[in-house]
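Summary of structural features
Chain residues, written in single-letter form:
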Amino acid sequence: MTRTHIDKRSRLVSAAMDLAYQNGFGATSLADIAREAKVPLGNVYYYFKTKDEMGEAIVELRLAQLSAQRQRWNEAESPKDRLCACVQGVFENKDLLAQRGCAVGTFCSELHKAGGSVATRATEIFAQHLAWIESQFRALGKGKDSDGLAVHLLSALQGVSILAHSFHDSDLVAMEIKRLKSWIQSL
């Protein structure tokens, strides 16, 4: 693909991801995406034949973003420091979480209500995140408890995101992140 094609496709996926976060994936039309990306509607169909293909592209972008985050977290010296870096990322988004909720959590939840292949593919976002968290607990020597600890940590992060959004209160995120960091350091 030429640079122009890559730029248009990237703009479309970025616009789709933003609109899905703001309005929900189901409520976002290809026309909305085209308008937001400043791409003629007819051009959208060159890149994405269906809305499901657009959903797949959002999943791929989310997976790439998560991979980039994991690379940054992996720069920390110890598994505890890496887990704390992961948790810190949630804290850094506390205001956005309070305003709009977790972008990944709401996207995956909405897709799973509708079902289909995109919903199945979206599961990979949380699966990869959970596997990385579990690997950090294994590196801490938590053995067979690592999977349960990983579920606990990811559940706490997603739970506080839901509460912060429900109450529009970023202080809930700050409080929980402080508690989670303390818990991680005590392991």
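Here is a short report on the structure shown in this document. (Residues numbered from 1 in each chain as written. Predicted model: local features only at pLDDT ≥ 70, side-chain atom pairs only at ≥ 80, totals over all residues. Heavy atoms only, no water.)

1. With respect to the overall build of the chain
Note the cut-off: Numbering of helices and strands starts at the N terminus; helices are DSSP runs of H or I of at least 4 residues and strands are runs of E of at least 2. Here the globule rule is a power law, 2.2 Å times the number of residues to the power 0.38, and the radius of gyration is based on C-alpha atoms. Exposure categories follow from relative accessible area, calculated using a 1.4 Å probe and restricted to protein chains: below 20% of the type maximum is buried, above 50% is exposed, and the middle band is partly exposed. Here, two residues are considered to be in contact whenever any of their heavy atoms come within 4.5 Å of each other. Values of accessible area rely on a 1.4 Å probe in the Shrake-Rupley scheme; residue burial ignores everything except the protein chains shown. The convention is simple: Lys and Arg are positive, Asp and Glu are negative, and His and the chain ends are not counted. Lys charges are placed at NZ, Arg charges at CZ, Asp charges at CG and Glu charges at CD.
The secondary structure content of the chain amounts to 10 helices and 0 strands. Along the chain direction, N to C, the helices and strands of the chain fall in the order α-α-α-α-α-α-α-α-α-α. For 187 residues, the compact-globule estimate of 2.2 N^0.38 gives 16 Å, and the C-alpha radius of gyration of the chain, at 18 Å, lies within 12% of that figure. With the C-alpha coordinates aligned to their principal axes, the bounding extent of the chain is approximately 55 × 35 × 30 Å. Every one of the 187 residues in the chain was classed for burial, and the buried ones make up 40%. In the chain, of all internal contacts separated by at least 6 residues, the share reaching a separation of at least 24 is 69%. Summed over all atoms, the accessible surface of the chain reaches about 9900 Å², with 53% contributed by carbon and sulfur. With 23 positive and 21 negative side-chain charges, the chain shows a separation of 2 Å between the mean positions of the two kinds.

2. As for the nonpolar core
Inclusion rule: Nonpolar cores are built from buried Ala, Val, Leu, Ile, Met, Phe, Trp, Tyr and Cys residues. Side-chain atoms within 4.5 Å join them into one set.
Residues Leu12, Ile33, Met54, Ile133, Leu153 and Leu157 are the most contacted members of the largest nonpolar core, which totals 54 residues. Here the element with the most residues in this core is helix H9 (residues 146-167); it accounts for 8 residues. Sequence-distant contacts of Ile33, that is, excluding residues within four places in its chain, are made with Leu12, Ala15, Ala16, Leu19, Thr28 and Met54.

3. Notes on unusual backbone geometry
With a phi close to 60 degrees, Lys38 is a non-glycine residue in the positive phi region. Among the secondary structure elements, Lys38 is positioned in the loop between helix H2 (30-37) and helix H3 (41-47). Classification of Lys38 by relative accessible area gives exposed; the value is 73%. The residue His168 is not glycine, and still its phi comes out positive at about 50 degrees. Tracing the chain through its elements places His168 in the loop between H9 and helix H10 (170-186).

4. Focus on helix H4 (residues 51-73)
Our working rule: How far a helix is expected to stretch is found by multiplying one less than its residue total by 1.5 Å.
Relative to the 33 Å expected for 23 residues at 1.5 Å per residue, H4 spans 33 Å between its end C-alpha atoms, a close match to the ideal helical length. Turning to H4, its buried residues number three or more, namely Met54, Gly55, Ala57, Ile58, Val59, Arg62, Leu63, Leu66, Arg70 and Trp73.

5. Remarks on the packing of H4 against helix H8 (residues 117-139)
As a reminder, the rule being used: Angles shown run from 0 to 180 degrees and are taken between the N-to-C directions of axes, each axis being a line fitted to C-alpha atoms and, for helices, limited to the stretch in contact. Note that the term roughly parallel is reserved for angles under 35 degrees, roughly antiparallel for angles over 145, roughly perpendicular for angles of 65 to 115, and oblique for everything else. Polar here means any residue outside two lists: the nonpolar Ala, Val, Leu, Ile, Met, Phe, Trp, Tyr, Cys and Pro, and the charged Asp, Glu, Lys and Arg; Gly therefore counts as polar.
Viewed as axis vectors pointing N to C, H4 and H8 meet at an angle of 5 degrees, and their least axial separation amounts to 9 Å. Compared by their axis directions, H4 and H8 come out roughly parallel. The segment H4 lies against H8, with Asp52, Gly55, Glu56, Val59, Glu60, Arg62, Leu63, Leu66, Arg70 and Trp73 engaging Ser117, Val118, Arg121, Ala122, Glu124, Ile125, Gln128, His129 and Trp132. Grouping the amino acids of the contact of H4 with H8 by side-chain chemistry returns 8 nonpolar, 4 polar and 7 charged.

6. Considerations on the environment of Leu30
Locating Leu30 in the fold gives a position in helix H2. By relative accessible area, Leu30 is classed as buried at 12%. Sequence separation of Leu30 and Val90 is 60 residues, and the distance between their C-alpha atoms is 30 Å. Apart from residues lying up to four places away in sequence, Leu30 is in contact with Leu41, Val44, Tyr45, Lys51 and Met54.

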